[in-house]
Amino acid sequence: MIMGDIQKTSKRRQLGFWICGLILVQTFWFQPVLAQNAPHSQAGTAGAAFLKFGVGARATGLGGAYTAVSDDANSMYWNPAGLSRFNGTQLSLMHNRWVQDINYEFVGIAFGDSATAGFAFGLTFLWMGDIPVTTFNDRLGTTGNTFTARDLSFVFSYGQQINDYVSVGGTLKRIKSTIDDISANATAFDLGLLTSLPIQGVTLGATIQNLGNRLKFVQVSDRLPLIYKFGVAYSQPNRLTLAVDLSKPIDNRFRVNGGGEFVLMKTLALRGGYNSSNELDNGFTGGAGVRIRSISIDYAFVPFGVLGNTHRVSAMFQF
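Residues numbered from 1 in each chain as written. Predicted model: local features only at pLDDT ≥ 70, side-chain atom pairs only at ≥ 80, totals over all residues. Heavy atoms only, no water.

Enquirer: Let's hear about the packing of aromatic side chains: which residues, and what values?
Expert: Across all of its chains, the model carries 7 aromatic pairs by this definition. Between Phe121 and Phe156 the ring centres are 5.2 Å apart and the planes differ by 45°, which places this aromatic pair in the tilted class. In this pair, Phe121 sits in strand β3 (residues 117–128) while Phe156 sits in strand β6 (residues 149–161), placing the two residues 35 residues apart along the sequence. Look at Phe121 and you get partly exposed, because its relative accessible area is 42%. Each ring, one from Tyr274 and one from Phe284, has its centre 5.7 Å from the other, and the planes form 55°; the classification is tilted. Here Tyr274 is found in strand β15 (residues 268–275), whereas its partner Phe284 is found in strand β16 (residues 284–292), with 10 residues between them in sequence. Using a relative accessible area of 1% as the deciding quantity, one classes Tyr274 as buried. Using a relative accessible area of 32% as the deciding quantity, one classes Phe284 as partly exposed. Members of the aromatic cluster, joined through ring pairs, are Phe111, Phe119, Phe121 and Phe156. (Phe/Tyr/Trp six-rings, centres within 6.5 Å; stacked < 30°, edge-to-face > 60°. Helix = DSSP H or I, 4+ residues; strand = E, 2+ residues; numbered from the N terminus. Buried < 20%, exposed > 50% of the residue type's maximum accessible area, 1.4 Å probe, protein only.)

Enquirer: Can you lay out the pattern of salt bridges for me, pointing to particular residues and giving the numbers?
Expert: Counted under the stated rule, the structure contains 4 salt bridges. Across the salt bridge formed by Arg58 and Glu261, the nearest N and O atoms sit 3.0 Å from each other. With a gap of 203 residues between them, Arg58 in helix α3 (residues 57–61) and Glu261 in strand β14 (residues 255–264) connect regions that are remote in the sequence. Glu261 sits in the buried class, given a relative accessible area of 6%. Asp298 is the partner of Arg271 in a salt bridge, and the nearest nitrogen-oxygen pair spans 2.8 Å. One end of the pair, Arg271, is in strand β15; the other, Asp298, is in strand β17 (residues 295–303), with 27 residues separating them in the sequence. In this pair, the class of Arg271 matches that of Asp298, namely buried. Taken together, the shared-partner salt bridges in this structure form one network comprising Arg58, Glu261, Arg271 and Asp298. (Salt bridge = Lys/Arg side-chain N within 4 Å of Asp/Glu carboxyl O.)

Now the structure itself:
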C-alpha cells in the first residue's frame, strides 16, 4: 500500500510538471505571433496606467505570471486570495526604476494564517521628474516653466480560505492621480480566486482587477484599466515554479505571461519569463533572488527597446 501511494504521488507530480511545462512551451512558441499584432482599437483609452505595473521583483522576473502563484504579501496586487496561504507577518518593499525618469514605489504589510485568512495594507506611488510646459505657440517649452505628474493608490486587501482547496479574496483601492495642481480620484475593487487541483503542485487562479468608477480631471474622465486574468501554476516548494497567465485588458487584446523559477539550495533563485504586453521589446524578462533566513531580496530586469532598460529591486521580510 505504501509503495502504491508513493507511486501515485510521483505520477501526479510528473503529470503536473508536464502540464505546466507544455503550457509554458506554447507561450514562448507563439510569442513572435503575439508580438506582430497591430495596435488594438481601444489602446490608450484607459487611465491610471500605473495600476498595471505590478509589484515585487519576483513576479516581474516571472513575466508577470503570478495569478496562480500568489502566496505572500504581494498577493494584495496579483490575487488577494493568496493572502490566506502564508503564516505570520510579511513586510514587502519595492523600488522600480522605470523609463524616462519615472519611478514606482511600493510598500505593503500583510498578516496571514494559512489555515483561515489573511489581510494586508499597501501603498503604491508613481512619480517622475519635471516636464517642460508647452503651448500651441511654444511647442518646445522654451519658457523654462515645468510641471510634474504623480499617481497614488492606497490598498486594503483580504483573503479567506473556504476549504482545503479553495480560497477567495478582495481588494479595495483608493486612487489619486495628479497632473500639475489638478487631481482626480477614484475607487476600485479586485476580486480573486485560488484553487488547488488533485494533481499535486498545480494551482489555478483567476482575478478581476480595477472594477470601479472613472477618474475625472475637470471635464475629462478616464475609465480604469479593467483586467480579467486566469492563471495556472506548478510548484515544487524551494525547487521549481512554472506559471502561465492569460489576461484580457479592457483597452487591449488578450495577453500572455509566462515564467519559470529554479531554486538552488533553498537560497538562490534564478528566473526568466515572457510578457506579451511589452510591445517595445521582445517581451522577455529575467531576474534572480536570494533568501537569507527570514529575508528575501529580489531583482528583475525588463528591457523596453528604444526607451531603455528597467530595473526592479524588492525585499520581503518575514516576522
